[in-house]
Amino acid sequence: MDLPEEVMMEILTRLPVKSLLKIRCVCKAWCGLIKSPSFIDMHLRRPGNNKHVMLKRCIEHENQTVISFHSNNDEAEKSLSICLRPPIEVTWFYHRNLEAAHLIGPCNGIVCITDGMDIYLCNPATRELRKLPPSPFGCPENYRPMTDGVGIGFDSSTNDYKVVRILYWEPIEYRPDRQYQAELYSLNTNSWRELRDVILPFYHCFARCNLLFQGRFHWRAWHALAQPCDTDCILSFDMRAEVFDVIHYPPSCVGDLGLVENKEPSFVSLNDSLALILCTSLSEEHPAPPQVIDIWVMMEYGVEESWTKKFSLGPFTIGIRRPLCLWKDDKQLLLESRSGRLISCPLLPDELEAAELKEHDIFESSTLLEGRIYAESLVSLNPIYMEEEAIIE
């Protein structure tokens, strides 16, 4: 019995990417349907469609960087121990520092991975990998290029995936001046262009702390040229308007010098709002001081006066290195311990007063972690006129 195409699409969009890749071989009609932009978009937009915990870990004693994917199941007690697909071993940056390879994004199932020099786009669900071409723009004489921040996003007005890169030219011989530049990569054209008319703030970005939210990419940053001192803030880039902006932290989160002192921040999306997670040490003198976790939510995006503290957890005696991401539909917070272990904490209102950190011993050795919530997709890294991209084994 032949089903109408709209009924077939409704059925197939409920399947995970792995199953869809297999059934493309059933017939040409199914293959054409699954590869069509309308189906890919419909599959991507289905609520709650196959969200996973994505962890990047650097295993120092094995000289190895691995990206693994774990269940986001709300019911399974040991869901983090379930590895959903073969892990991706990051072998592309072995000639440099392992810890320098960072996760950027994700965006519609596409993850950007960079060590500050080379930049790769990866769709873990389809196992596609694309190395971005080098920048064609030159460097001033007696300077060397340094990548300061990388972000990824989707521009719906042009149906294009973009990667923004902030560079500065560092003098080979020390001088107190730096020249900043921003470049934008287009997946549709597989090329870079300079953002010449964009006002670029003189901010230094922290690669680990980043978030794509409502079409804008956000970095933890500090103003490198601020007077009389550096100033911590959130730097954002609008992928559609192609402009930078600055968001300041809640006033109570910064010290007299404008810095987020004794805190390790992270950004997440909480109930469709931009949220700031701060892990604060309660003592500067104690070698392993108790720590508290505060979660601030910007109730109206871009309005700094709307920052509201929603949660305050702790104090905890287990050493926390940094927050990672929210888990189980925002009911749990995942963190990295100082020993490199994965730990979690409940965020349910009735559990906050007695909240305890739980250690998840799912790795055989201590690691350096980065974590994101990843939603798989069929989005291709290979527009039809490009050369074929690499396939991750």
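One numbering rule holds for all chains: residues counted from 1, following each sequence as written. Totals for whole chains, interfaces and linings use every residue, but because this is a predicted model, local features are given only for residues with pLDDT of at least 70 and side-chain atom pairs only at 80 or more, for both listing and counting. Values reported for side chains reflect all heavy atoms of the structure, with hydrogen atoms and water molecules removed beforehand.

**Quick look at a nonpolar patch on the surface**
Condition: Like-charged residues are merged into a patch within 9 Å and nonpolar side chains (Val, Leu, Ile, Met, Phe, Trp, Tyr) within 5 Å, provided each residue has over 30% relative accessible area and no salt bridge. Surface exposure here means Shrake-Rupley accessible area, sampled with a 1.4 Å probe, where a residue is shielded only by the protein chains that are shown. Any carboxyl oxygen of Asp or Glu that lies within 4 Å of a side-chain nitrogen of Lys or Arg is treated as forming a salt bridge with it. Secondary structure counts use DSSP, requiring at least four H or I residues in a row for a helix and at least two E residues in a row for a strand, with both numbered from the N terminus.
Judged by side-chain polarity, Leu3, Val7 and Ile11 come together as a nonpolar surface patch covering roughly 210 Å² of accessible area. Checked against the element boundaries, Val7 lands in helix H1 (residues 5-12).

**Comments concerning the packing of H1 against helix H3 (residues 28-35)**
The test is simple: Lines fitted to C-alpha atoms define the axes, with helix axes restricted to the stretch in contact, and inter-axis angles between N-to-C directions lie between 0 and 180 degrees. Orientation categories follow fixed angle ranges, with anything under 35 degrees roughly parallel, anything over 145 roughly antiparallel, 65 to 115 roughly perpendicular, and all other angles oblique. Working rule for handedness: look at the near helix, and if it is turned counterclockwise from the far one by less than a right angle, call the crossing left-handed; if clockwise, right-handed. The contact rule is simple, with two residues in contact once any of their heavy atoms fall within 4.5 Å. In this classification, the charged set is Asp, Glu, Lys and Arg, the nonpolar set is Ala, Val, Leu, Ile, Met, Phe, Trp, Tyr, Cys and Pro, and all remaining amino acids, among them Gly, are polar.
Interhelical geometry of H1 versus H3 gives an angle of 70° and a closest axis separation of 11 Å. Comparing their axes, H3 and H1 come out roughly perpendicular. Seen from above, H1 lies across H3 with right-handed handedness. Contacts between H1 and H3 involve Glu5, Met8, Met9 and Leu12 from the former and Trp30, Leu33 and Ile34 from the latter. Tallied by class, residues from the contact of H1 with H3 come to six nonpolar, no polar and one charged.

**With respect to the environment of Asp294**
Quick note on the threshold: For the exposure calls, accessible area comes from a 1.4 Å probe over protein chains only, and a residue counts as buried if that area is under 20% of its type's maximum, exposed if over 50%, partly exposed in between. Polar contact criterion, stated in full: a pair of N or O atoms within 3.5 Å, where within protein one must be able to donate a hydrogen and the other to accept it, and residues adjacent in sequence count only if both atoms are side-chain atoms.
Inspection of the secondary structure assignment puts Asp294 in strand E18 (residues 291-298). Owing to a relative accessible area of 12%, Asp294 belongs among the buried residues under this scheme. On a C-alpha basis, the gap between Asp294 and Ile277 in space is 5.8 Å, while along the polypeptide they are 17 residues apart. Not counting residues up to four positions away in its chain, the partners in contact with Asp294 are Leu276, Ile277, Leu278, Lys309, Phe311 and Ser312. A polar contact of 2.8 Å, which involves the side chain of Asp294, links it to the side chain of Ser312.

**Focus: the packing of aromatic side chains**
Aromatic ring pairs: the centre-centre distance and the angle between the two ring planes describe each pair. This is how the line gets drawn: Paired rings are identified among Phe, Tyr and Trp, the last through its six-membered ring, by centres lying within 6.5 Å, and are further divided according to the angle between planes into stacked (under 30 degrees), edge-to-face (over 60) and tilted (the rest).
The full count for this structure, using the stated rule, is six aromatic pairs. Ring centres of Phe154 and Tyr161 lie 4.6 Å apart, and the angle between their planes is 45°; on these two criteria the pair is classed as tilted. Overall, Tyr161 belongs to the buried group, its relative accessible area being 11%. Ring geometry for Phe213 and Tyr301: centres 5.8 Å apart, planes at 40°, overall tilted. On the criterion of sequence distance, the pair formed by Phe213 in strand E12 (residues 203-213) and Tyr301 in the loop between E18 and strand E19 (307-316) is long-range, its members being 88 residues apart.

**Points about the layout of surface pockets**
How we decide: A cavity here means a set of 1 Å grid points, computed over protein atoms only, where a 1.4 Å probe fits but cannot escape. A pocket is an open set with protein on both sides within 12 Å along at least 5 of 7 lines, and lining residues have an atom within 4 Å of a point. Grid points are joined across faces, edges and corners, and a volume is the space filled by probe spheres set on the points.
The space that makes up the largest pocket amounts to roughly 1,400 Å³. Around the largest pocket sit 46 residues that line it, and Lys51, Pro106, Leu212, Ser269 and Ile373 are the ones nearest its centre. Listing elements by their share of the lining of the largest pocket, those giving two or more residues are helix H4 (37-45), strand E4 (102-107), strand E8 (143-155), E12, strand E16 (263-270), strand E20 (320-327) and strand E24 (368-375). Sort the elements by how many residues they give to the lining of the largest pocket and E12 lands first, with six residues. Its residues assigned to classes, the lining of the largest pocket shows 19 nonpolar, 16 polar and eleven charged.

**Overview of the sheet that holds E24**
Paired through backbone hydrogen bonds, the strands of a sheet run either parallel or antiparallel to each other. For clarity, the cut-off: A pair of strands is labelled paired if DSSP reports no fewer than 2 bridges between them.
One open sheet accounts for four strands, arranged E3-E2-E1-E24; its pairing is antiparallel. Both outer strands of the open sheet, strand E3 (88-89) and E24, are each paired with one neighbouring strand and no more. As defined by bridge partners, strand E1 (residues 51-59) adjoins strand E2 (residues 64-71) across eight bridges and the pair is classed as antiparallel. Note that in E2 the partner of Leu55 across the bridge is Ser68.

**Quick word on H1**
Quick reminder of the rule: To be clear, the arc concerns the directions from the helix axis to the C-beta atoms.
Looking at H1, one finds that the buried residues are Met8, Met9 and Leu12. Buried residues along H1 cover an arc of 100° about the axis, so they all sit on one side. The elements touched by buried residues of H1 are helix H2 (17-23), H3 and H4.

**Things to note about the sheet that holds strand E11 (residues 191-194)**
Taken in spatial order, the four strands of this open sheet run E8-E9-E10-E11, and their pairing is antiparallel. One side of each edge strand has no neighbouring strand; the edge strands of this open sheet are E8 and E11. With strand direction ignored, the average angle separating the axes of adjacent strands in the sheet is 25°. Bridge count for strand E10 (residues 179-186) against E11 is four bridges, and the pairing is antiparallel. Paired with Tyr185 across the strands is Trp192, a residue of E11.

**Some details on the nonpolar core**
Rule in force here: To form a nonpolar core, buried Ala, Val, Leu, Ile, Met, Phe, Trp, Tyr and Cys residues must be joined to one another through side-chain atoms within 4.5 Å.
Within the largest apolar cluster, 59 residues are counted, with the highest numbers of intra-cluster contacts made by Leu121, Ile152, Val163, Trp219 and Phe244. It is strand E9 (residues 160-171) that contributes the most residues to this core, five residues altogether. Here Leu121 is in contact with Ile110, Val111, Cys112, Glu128, Leu129, Arg130, Leu132, Ile152, Val163, Tyr185, Leu187 and Leu381, once residues within four sequence places are set aside. One finds Cys279, Ile320, Ile343 and Leu347 within the second-largest nonpolar core, a separate group that totals 19 residues.

**A word on the pairing of strand E13 (residues 216-223)**
The buried fraction of E13 is high, at six of eight residues. Pairing of E12 with E13 involves eight bridges; the strand directions are antiparallel. Pairing of Phe213 across the sheet is with Arg216, part of E13. Connecting E12 to the next strand, E13, in antiparallel fashion are two residues, including Gln214 with a positive phi near 50°.

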